[in-house]
Amino acid sequence: MKADALDAFRLDGKVAVITGAASGIGEATAELFAAAGAKVVCGDLDVEGAENTVKRIREDGGEATAQACNVTSRDEVEALVARAVDAYGGLDIIANIAGAMFPGLIEDLTDQDIDAGINLNLKGVLYGCQAAVKAMKDDGGGVILNISSGAIDLAYEGIGVYAFTKAAVAMLGRTMALEVGRYGIRVCTLAPGSTLTPFTTWRLHNDDGTLNQEAYDEFLDYARDLSPIGALGESIDQAYLMLYLASDAGKFATGNVFRSNGGQTTTF
Ligand SMILES: NC(=O)c1ccc[n+]([C@@H]2O[C@H](COP(=O)([O-])OP(=O)(O)OC[C@H]3O[C@@H](n4cnc5c(N)ncnc54)[C@H](O)[C@@H]3O)[C@@H](O)[C@H]2O)c1
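All figures in this text were calculated on a predicted structure; none of them were measured in a lab.

A.B. asks: Go over the side chain of Ser 235, please, and point to the residues and values.
C.D. replies: Structurally, the position occupied by Ser 235 is in helix H7 (residues 235–246). Those residues in contact with Ser 235, other than ones at most four positions away along the chain, are Gly 24, Ile 25, Ala 28, Thr 195, Leu 196 and Thr 197.

See the structure below:
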């Protein structure tokens, strides 16, 4: 029988944990994985947002559950993975997506600024990796997906903590891929280019909290100008790459940083 070209991208019977699933890239990834057949555990600090993601997945006929999780807590990340094992019988995929911007010039950074960035963007991912390996190593392996950023390719003023924590995530993934390949675990890192989400507007608000439309439009023009195709990303663009890497279509992919970034890093 002729195979369907899309069979290799299906996730039927797979169990996936996704952090940052309340919004943006995590939300799109949770919905796409569920549409591809996975049972999805949606973790986020914003549990109401995660529950909304689950609601939409269920309305579309998918299977998902939400759990409050602050990824800066090792215990809460372990509990998130335990929820997948308890509810769905194991863990096949984890996508460590939760993260945030930490603005500030390097010369001004306090210990508090540095710790906050490391705790969320680096340790939050590391805890997810460690909890996943424990669940996967004696259970047939799996796939670990970590979010880095295009900020590891180009330096921008004023986002030093963000950039160096994301660079550390990329190296974490490469090292870990070497260490856990023997258990049948693949580790892939994504370095997204500018992707329209609530995160994109982090520095574009007025003092009263409303969006500064002029600054936002300027940012969009700037980001489009960086791309040879004049494009900005959408969350689904990152989710499609996640799906490729998580599924059998990506079974030869591990130990690398993968970029869906509109070519933003080719223009320099
Ligand atoms: N959007 C972009 O242009 C872009 C580019 C490169 C990398 N990224 C990375 O992609 C990831 C997702 O970003 P996004 O654009 O979807 O942003 P987003 O703000 O839409 O989503 C981030 C999610 O992480 C959650 N979160 C924040 N702190 C948390 C914590 N301590 N514990 C658990 N959840 C927490 C938030 O509640 C939110 O739901 C981030 O790691 C970001 O650095 C985004």
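On we go.
A.B. asks: Tell me about the pairing of strand E4 (residues 93–96), residues and numbers included.
C.D. replies: Burial along E4 is two-sided: the residues Ile 93 and Ala 95 and Ile 94 and Asn 96 are all buried. Sheet analysis places strand E1 (residues 15–19) next to E4, joined by 4 bridges and oriented parallel. The residue of E4 that forms the bridge with Ala 16 is Ile 93. The pairing of E4 with strand E5 (residues 142–147) spans 4 bridges and is classified as parallel. The residue of E5 that forms the bridge with Ile 94 is Ile 144. Tracing the backbone out of E4, into helix H4 (residues 111–136) and back to the parallel element E5 gives a crossover that is right-handed.

A.B. asks: Run through the sheet that holds strand E6 (residues 185–190), naming residues and quoting values.
C.D. replies: As a general point, the strands of a sheet are linked pairwise by backbone hydrogen bonds and lie either parallel or antiparallel. Strand order in the open sheet formed by 7 strands is E3-E2-E1-E4-E5-E6-E9, with parallel pairing between adjacent strands. Pairing within the sheet leaves two strands with one partner each, and these edge strands are strand E3 (63–68) and strand E9 (257–258). In this fold H4 packs onto E4, E5 and E6, with an angle of close to 180° to the strand it touches most, E5. Docked against the sheet, helix H5 (residues 160–180) engages E5, E6 and E9, running at close to 165° with respect to E6.

A.B. asks: Tell me about the site of the ligand, and name the residues and values.
C.D. replies: The environment of the ligand is formed by 27 residues, the closest being Ser 23, Ile 25, Asp 44, Tyr 162 and Thr 197. Cys 69 places a polar main-chain atom, nitrogen or oxygen, 3.4 Å from a nitrogen atom of the ligand. Mapped by element, the contributors of at least two residues to the shell around the ligand are helix H1 (24–35) and H5. Across the shell around the ligand, the residue classes break down as 13 nonpolar, 11 polar and 3 charged.

A.B. asks: Explain the pattern of salt bridges residue by residue, including any values.
C.D. replies: Within the structure shown, the criterion is met by 6 salt bridges. In this structure, Arg 56 and Glu 27 form a salt bridge, with 2.6 Å as the shortest nitrogen-oxygen distance. Highlighted residues: Arg 56 in helix H2 (residues 47–59) and Glu 27 in helix H1, separated in sequence by 29 residues. Taking relative accessible area as the criterion, Arg 56 reaches 30% and is therefore assigned partly exposed. Asp 153 is the salt-bridge partner of Arg 259, the closest N and O atoms lying 2.7 Å from each other. Residue Arg 259 is located in the segment after E9, and its partner Asp 153 is located in the loop between E5 and H5; the two are separated by 106 residues in the primary sequence. Taking the relative accessible area as the measure of exposure, Asp 153 reaches 31% and is therefore partly exposed. Shared partners join several salt bridges into a network, and the residues in it are Glu 27, Glu 31 and Arg 56.

A.B. asks: Explain the packing of aromatic side chains to me, and be specific about the residues and the numbers.
C.D. replies: Two descriptors summarise a pair of aromatic rings, namely the distance from one centre to the other and the angle between the planes of the rings. Here the structure, examined in full by the defined rule, presents 1 aromatic pair. Taken together, a centroid distance of 5.7 Å and an interplanar angle of 40° make the contact between Tyr 162 and Phe 199 tilted. Of this pair, Tyr 162 sits in helix H5 while Phe 199 sits in the loop between strand E7 (195–196) and helix H6 (213–226), placing them 37 residues apart in sequence.

A.B. asks: Give me the nonpolar core: which residues, what numbers.
C.D. replies: One broad trend across soluble globular proteins is that nonpolar side chains are buried collectively. Judged by nonpolar contacts, the single largest core of 35 residues is most densely connected at Phe 33, Val 40, Leu 145 and Met 242. Leaving out residues up to four positions away in the same chain, Val 40 has contacts with Ala 16, Ile 18, Ala 30, Phe 33, Ala 34, Glu 63, Ala 64, Thr 65 and Tyr 88. Core analysis: the second largest hydrophobic core is formed by 32 residues, Cys 69, Val 71, Ala 84 and Val 133 among them.

A.B. asks: So, the pairing of E3: which residues are in play, and what are the values?
C.D. replies: In this structure, strand E2 (residues 39–44) lies alongside E3, joined through 6 bridges in parallel fashion. Each residue of the ladder has a partner; that of Val 41, found in E3, is Thr 65. This β-α-β element, E2 to H2 to E3, shows right-handed connectivity.

A.B. asks: Please set out the confidence of the model for the protein residue by residue, giving values where relevant.
C.D. replies: When pLDDT is averaged along the protein, the result is 95, and 99% of the positions lie at 70 or above. Considering each helix and strand of the protein separately, the mean pLDDT is smallest for H6, with a value of 91, and largest for E4, with 99.

A.B. asks: I'd like a description of the side chain of Ser 247, backed by residues and values.
C.D. replies: The topology assignment puts Ser 247 in the loop between H7 and E9. Of note is the side chain of Ser 247, whose polar atom sits 3.2 Å from the backbone oxygen of Tyr 244.

A.B. asks: Give a description of the packing of H1 against H7 that names residues and reports values.
C.D. replies: Packing of H1 against H7 brings their axes to within 8 Å, and their N-to-C directions diverge by 50°. The orientation of H1 with respect to H7, classified from their angle, is oblique. In this structure, H1 crosses over H7, and the sense of that crossing is right-handed. Contacts from Gly 24, Ile 25, Ala 28, Thr 29, Leu 32 and Phe 33 of H1 reach H7 at Ser 235, Ile 236, Gln 238, Ala 239, Tyr 240, Met 242, Leu 243 and Ala 246.

Thresholds applied
Residues numbered from 1 in each chain as written. Predicted model: local features only at pLDDT ≥ 70, side-chain atom pairs only at ≥ 80, totals over all residues. Heavy atoms only, no water. Helix = DSSP H or I, 4+ residues; strand = E, 2+ residues; numbered from the N terminus. Contact = heavy atoms within 4.5 Å. Buried < 20%, exposed > 50% of the residue type's maximum accessible area, 1.4 Å probe, protein only. Pairing = 2+ DSSP bridges. Right-handed = clockwise from strand over helix to strand, strands pointing away. Axes fitted to C-alpha atoms, helices over the stretch in contact; angles between N-to-C directions. Near = heavy atom within 4 Å. Polar contact = N/O pair within 3.5 Å; in protein donor to acceptor, adjacent residues only side chain to side chain. Nonpolar A, V, L, I, M, F, W, Y, C, P; charged D, E, K, R; others polar. Salt bridge = Lys/Arg side-chain N within 4 Å of Asp/Glu carboxyl O. Phe/Tyr/Trp six-rings, centres within 6.5 Å; stacked < 30°, edge-to-face > 60°. Core = buried A, V, L, I, M, F, W, Y, C linked by side-chain atoms within 4.5 Å. pLDDT = per-residue confidence, 0-100. Parallel < 35°, antiparallel > 145°, perpendicular 65-115°, else oblique. Left-handed = near helix turned anticlockwise from the far one by under 90°.

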